[in-house]
Amino acid sequence: MLEVSIRQQLGRFKLDVAFQSNARVIALFGRSGSGKSSVLNAIAGITRPDEGRIGLNGEVFHDTAMRIFARPEARHIGYVFQDGLLFPHLSVERNLFYGAKATQNGIAPDRVINLLGLSSLLTRKPASLSGGEKQRVAIGRALLSTPRLLLLDEPLAALDAPRKAEILQYIELLRDEFRIPIVLVSHAMEEVARLADTLVLMDEGRVVASGSVESLMGRLDLHPFTGRHEAGAIIETVVGAHDEAADITTLKFAGGQLYAPGVASLPGERVRVRIRARDVALALTEPHDISMLNILPGTITALREDAGATMDVQIQLGAGEGDAKLIARITRHSASRLALRPGMRIFALVKAISLDRRSVGYA
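In what follows, the accompanying structure is described. What you are looking at is a predicted structure, and each value in this text was computed from that prediction instead of being measured.

Another aspect to go through is the pattern of salt bridges. Applying the stated criterion across every chain yields a total of 19 salt bridges. We note a salt bridge from Arg-206 to Asp-16, for which the minimum N-O separation is 3.4 Å. In this pair, Arg-206 sits in strand 11 (residues 206–212) while Asp-16 sits in strand 2 (residues 13–21), placing the two residues 190 residues apart along the sequence. We classify Arg-206 as partly exposed; its relative accessible area is 45%. Since its relative accessible area comes to 22%, Asp-16 is described here as partly exposed. Ionic pairing is found between Arg-24 and Asp-197, a salt bridge with its closest N-O pair at 3.6 Å. Of this pair, Arg-24 sits in the loop between strand 2 and strand 3 (25–29) while Asp-197 sits in the loop between helix 7 (189–195) and strand 10 (198–203), placing them 173 residues apart in sequence. Given a relative accessible area of 24%, Arg-24 falls into the partly exposed group. Here the salt bridges do not stand alone but share partners, grouping Arg-24, Arg-175, Asp-176, Asp-197, Glu-236, Arg-270 and Arg-272 into one network.

This is the structure:
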């Protein structure tokens, strides 16, 4: 359990943040300048909050009332910065083992090197590495310090699309293999949807909302903070079956099922699917003879008008209260023409091709 409740004046900027979670991956999400990295620095002990408390699994790192402030090295926290911050004069191997702790319960170096695909890079210097390779080395160095918590400060921000996809897969492996809790700072919803269990939404130094990624992404009132163009829903699914000939996978969830192309998971495995609001169309009656594979019956639960020509429609899939929700973004003209209202039965249409590797990840 990570507990953070701090207040800190940073020049003209005021940080006033409180959240707690025992999730595998906690994502701090918000616009640039919202205070995300400042929270990481406080957790790591790089800065000292004016008031409040920070603790991990019952151990107190910072408590102004009790006059406790643990030094950064005493917290055993791994920190990976946006640009990696490798030592340019040291080889990859020496960078990896800089600050490594040889403890009985530590992570085996060979396991880290193999998992991150670093064995062929050990003799090279950072200047000869790509951006993705540098980040893999930085993550490996943090892991070999035997951390109790791993802080990732926008580790993909400086990478191009292919390198981002590569590092995303490695972070998924870290999450599942090492079971070290991770706090991820990001302003890219694609990363949050793929990796995080708990989402902490930040704006101007404060927490707007915190909770499960699925619940917060499904709330229409939070779209100004999650990103207007990134709005959508996240659905936890289980792999049903593969149609090898068509390269189509059936994904089952509470309230229905989805078809997605080329999902590289075994039947029974959990997979998280992100469906963007702009990829959802609506129909009053069930359509036939169309190319869309995903035709999902549901009930409209809420509508929210945007400042412009669009409207967001929240749809409860299935018949149960705990079933998944979708968000559809349509024009206000279409909403008026269809006379949409809460309680109306509707069909949500989602192109299977929109559920690509960027939208489907391991839960």
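With respect to the helices and strands, Ser-34 occurs in the loop between strand 3 and helix 1 (36–44). Taking the relative accessible area as the measure of exposure, Ser-34 reaches 2% and is therefore buried. Setting aside residues no more than four positions away along its own chain, Ser-34 makes contact with Phe-13, Met-202, Asp-203, Glu-204, Gly-205 and Arg-206.

Here the structure, examined in full by the defined rule, presents two aromatic pairs. Summarising the aromatic geometry, the rings of Tyr-79 and Phe-81 are spaced 4.1 Å apart at their centres and angled 10° between planes, so their arrangement reads as stacked. Take Phe-81: its relative accessible area is 27%, and that puts it in the partly exposed class. Judged by centre distance (4.5 Å) and plane angle (55°), the ring pair of Phe-87 and Tyr-98 falls under tilted.

What follows is about the nonpolar core. Among the nonpolar cores identified, the biggest contains 47 residues, and Leu-96, Ile-139, Leu-143, Leu-150, Val-192 and Leu-199 are the most heavily contacted of them. The contact partners of Leu-96, leaving out residues within four places of it in the chain, are Ile-113, Leu-118, Leu-122, Val-137, Gly-140, Arg-141 and Leu-144. In terms of nonpolar packing, the next biggest core, distinct from the first, is built from 35 residues, Ala-233, Val-263, Val-271 and Ile-300 among them.

Between its first and last C-alpha atoms helix 5 (residues 131–143) spans 19 Å; for 13 residues at 1.5 Å apiece the expected length is 18 Å, and the two agree. Summarising burial for helix 5: 11 of the 13 residues are buried, a large majority.

Spanning 17 residues, helix 6 (residues 161–177) covers 24 Å between terminal C-alpha atoms, matching the ideal 24 Å at 1.5 Å per step. Those residues of helix 6 lying buried are Glu-166, Ile-167, Leu-168, Tyr-170, Ile-171, Glu-172, Leu-174 and Arg-175. The positive-phi residue at the C-terminal boundary of helix 6 is Arg-179, with phi of around 60°.

With that out of the way, let us pick up the packing of helix 5 against helix 6. Working note: a packed helix pair is described by the angle between its axes plus the distance between those axes. Direction vectors running N to C along helix 5 and helix 6 enclose 20°, while the axes themselves pass 9 Å from each other. Between helix 5 and helix 6, the crossing angle belongs to the class labelled roughly parallel. Where helix 5 crosses over helix 6, the handedness of that crossing is right-handed. Listed contacts from helix 6 to Gly-132, Gln-135, Arg-136, Ile-139 and Leu-143 of helix 5 are Arg-163, Glu-166, Ile-167, Tyr-170, Ile-171 and Leu-174. Of the residues that constitute the contact of helix 5 with helix 6, the class distribution is six nonpolar, two polar and three charged.

Next up on the list: the sheet that holds strand 20 (residues 345–350). With antiparallel pairing, the five strands of this open sheet are ordered in space as 16-20-17-18-19. Of all the strands in the sheet, just strand 16 (280–283) and strand 19 (325–331) have a single pairing partner and so form its edges. When strand polarity is set aside, the average angle formed by the axes of neighbouring strands in this sheet is 45°. Note: strand 17 (residues 294–305) against strand 18 (residues 310–317), seven bridges, orientation antiparallel. Each residue of the ladder has a partner; that of Ala-302, found in strand 18, is Gln-314.

Moving on, we come to the pairing of strand 1 (residues 2–10). Alignment of strand 1 against strand 4 (residues 51–56), held across six bridges, turns out to be antiparallel. Among the inter-strand pairings, Arg-7 is bridged to a residue of strand 4, identified as Glu-51. As defined by bridge partners, strand 1 adjoins strand 2 across nine bridges and the pair is classed as antiparallel. Paired with Val-4 across the two strands is Phe-19, which belongs to strand 2. Hairpin geometry of strand 1 and strand 2 is characterised by an intervening segment of two residues between the two adjacent antiparallel strands and by a positive phi of about 65° at Gly-11.

Thresholds, definitions, all that
- Residues numbered from 1 in each chain as written.
- Predicted model: local features only at pLDDT ≥ 70, side-chain atom pairs only at ≥ 80, totals over all residues.
- Heavy atoms only, no water.
- Salt bridge = Lys/Arg side-chain N within 4 Å of Asp/Glu carboxyl O.
- Helix = DSSP H or I, 4+ residues; strand = E, 2+ residues; numbered from the N terminus.
- Buried < 20%, exposed > 50% of the residue type's maximum accessible area, 1.4 Å probe, protein only.
- Contact = heavy atoms within 4.5 Å.
- Phe/Tyr/Trp six-rings, centres within 6.5 Å; stacked < 30°, edge-to-face > 60°.
- Core = buried A, V, L, I, M, F, W, Y, C linked by side-chain atoms within 4.5 Å.
- Expected span 1.5 Å × (residues − 1).
- Axes fitted to C-alpha atoms, helices over the stretch in contact; angles between N-to-C directions.
- Parallel < 35°, antiparallel > 145°, perpendicular 65-115°, else oblique.
- Left-handed = near helix turned anticlockwise from the far one by under 90°.
- Nonpolar A, V, L, I, M, F, W, Y, C, P; charged D, E, K, R; others polar.
- Pairing = 2+ DSSP bridges.

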